[in-house]
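Examining the three-dimensional arrangement
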Amino acid sequence: MSGLTVEHEVLVKAVYERVWDTGSQMLRDYLPRSPHHVSWVYLRKGSYSRLGWARPPVRDANGHIIEPAMIAIHPSAFKYAWRPVLLGLLNHEMLHLAIPEHGHDEIYLREEQVLPEYPACREWRFKFIDYINEDARRMKGVYVYECIFCERQVESIRKLPEKSSCRHCCDQYTKGRWDKRYTLIYVGRQHPISQEHEEHE
């Protein structure tokens, strides 16, 4: 992981302050207004499965901070519609710093939606995910799985855990709960799309 360029650090610090001012009260209760307490880095190259992550400060036995909090950001977030993507991404990661014990529970999800731009940020988040997934498919290829129930094929840019199940079937038949009847089985790998092949499509 490497630190952000000066230009990108200026951007994220301005976005941090905007989110702190207009987002959840929990941000103001638990985080300082100044973004200087955070170490800002890019996600490691090849981390296609996530948009960012946050790590709270590391403290010694007496509670003193020995390493600052860290937020890692996908490098492409600065290219692709950066404002709504960064607003949503920082809102998400800052809440993980403020209330780490809540993971993605109901309290966390409620607080994430306080940000006035949340609906637009959420929409752009999905577009951004599609963008980076397509980019990853072109570079790395995809793993192909098939549902043992509906036979629907699912592509993933990363290898899925053994007990993964078909989201479509789980949503339709078990209200989104995991069920082994809808297990995905690995059927093969599609290799990266070559430039030559893309041009003839």
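Computed from a prediction, not measured in an experiment: that's the story for all the values here. (Residues numbered from 1 in each chain as written. Predicted model: local features only at pLDDT ≥ 70, side-chain atom pairs only at ≥ 80, totals over all residues. Heavy atoms only, no water.)

Describing the nonpolar core
Cut-off, in case you're wondering: Nonpolar core, defined: a set of buried Ala, Val, Leu, Ile, Met, Phe, Trp, Tyr and Cys residues in which side-chain atoms within 4.5 Å join the residues together. Partly exposed describes any residue whose relative accessible area lies between the buried limit of under 20% and the exposed limit of over 50%, with all areas from a 1.4 Å probe on protein chains only and scaled to the type maximum. The helix and strand labels rest on DSSP assignments: H or I over at least four residues marks a helix, E over at least two residues marks a strand, and numbering proceeds from the N terminus. Here, two residues are considered to be in contact whenever any of their heavy atoms come within 4.5 Å of each other.
Counting residues in hydrophobic clusters, the biggest one holds 34 residues, and the most contacted among them are Trp40, Ile73, Leu90 and Met94. Broken down by secondary-structure element, the contributors of at least two residues to this core are helix H1 (6–22), helix H2 (25–30), strand S1 (38–42), strand S5 (69–73), helix H3 (82–98) and helix H5 (118–140). Setting aside chain neighbours within four positions, we find Leu90 in contact with Val12, Val15, Tyr16, Trp40 and Ile73. If you look at the next biggest cluster of nonpolar residues, it comprises eight residues, including Tyr143, Cys147, Cys170 and Tyr182.

Some remarks on the pairing of strand S6 (residues 142–147)
Taken residue by residue, a regular strand's side chains alternate between the two faces of the sheet. Just so we agree on the cut-off: Strand pairing is assigned whenever DSSP identifies at least 2 bridges connecting the two strands.
Most of S6 sits inside the fold, with five of its six residues counted as buried. The sheet contact formed by S6 and strand S7 (residues 153–156) spans four bridges and is antiparallel. Residue Glu146 lies in a different strand from S7, and its bridge partner there is Gln153. What sits between the antiparallel neighbours S6 and S7 is a turn of five residues, in which Glu151 has the positive phi angle 65 degrees.

Considerations on H1
Owing to its 3.6 residues per turn, the α-helix aligns residues three or four sequence positions apart on the same side. Spelled out, the test is: Multiply 1.5 Å by the residue count of a helix minus one, and that product is the helix's expected span. Throughout, the arc means that of the directions going from the helix axis to the C-beta atoms.
The first and last C-alpha atoms of H1 sit 25 Å apart over 17 residues, in line with the 24 Å expected at 1.5 Å per residue. Along H1, the positions that sit buried rather than exposed are His8, Val12, Lys13, Val15, Tyr16, Val19 and Trp20. For H1, the buried positions fall inside an angular range of 170 degrees around the axis, keeping them on one side. Facing away from the buried side of H1 by over 90 degrees, the exposed positions are Val6, Glu7 and Val10. In this fold, the buried residues of H1 make contact with H2, S1, S5 and H3.

Brief notes about H3
When the terminal C-alpha atoms of H3 are compared, their 23 Å separation across 17 residues agrees well with the 24 Å that a helix rising 1.5 Å per residue should span. Counted residue by residue, H3 has 15 buried out of 17 residues, so it is predominantly covered.

Looking at the sheet that holds S1
One key point about sheets: their strands pair by backbone hydrogen bonds, in either a parallel or an antiparallel sense. Test applied: Working convention: axes come from line fits to C-alpha atoms, limited for helices to the stretch in contact. Angles between N-to-C directions cover 0 to 180 degrees.
Strands sit in the order S1-S5-S2 across an open sheet of three strands; the sheet is mixed. Looking along the sheet, the strands with just one partner apiece sit at the ends: S1 and strand S2 (52–55). Put simply, the sheet's adjacent strands are angled 15 degrees from each other on average, direction ignored. Sheet analysis places S2 next to S5, joined by four bridges and oriented antiparallel. In the sheet register, Arg55 faces S5, and the bridge partner there is Met70. Packing against the sheet, H1 makes contact with S1 and S5, and its axis sits at approximately 130 degrees to S1.

Observations regarding the environment of Tyr118
The topology assignment puts Tyr118 in helix H5. For the pair formed by Tyr118 and Cys147, sequence separation is 29 residues and the distance between their alpha carbons is 33 Å. Non-local contacts of Tyr118, meaning those with residues more than four positions away in its chain, are made with Asn91, Glu112 and Gln113.

A word on the confidence of the model for the protein
Note the following rule: As a per-residue measure, pLDDT tells how confident the predictor is, with possible values from 0 to 100.
Per-chain confidence: the protein averages 86 in pLDDT, with 90% of residues scoring 70 or above. Within the model, pLDDT remains below 50 along residues 193–201, and this stretch shows four contacts once partners closer than five positions in the same chain are excluded.

Section: the sheet that holds S6
Pairing in this open sheet of three strands is antiparallel, and the strands run S7-S6-S8 from one edge to the other. The two strands at the open ends of the sheet, each matched to only one other strand, are S7 and strand S8 (184–190). In this sheet, neighbouring strand axes are inclined to one another by 30 degrees on average, regardless of whether the strands run parallel or antiparallel. As paired elements, S6 and S8 share six bridges and run antiparallel to each other. Residue pairing across strands places Glu146 opposite Ile185, the latter belonging to S8.

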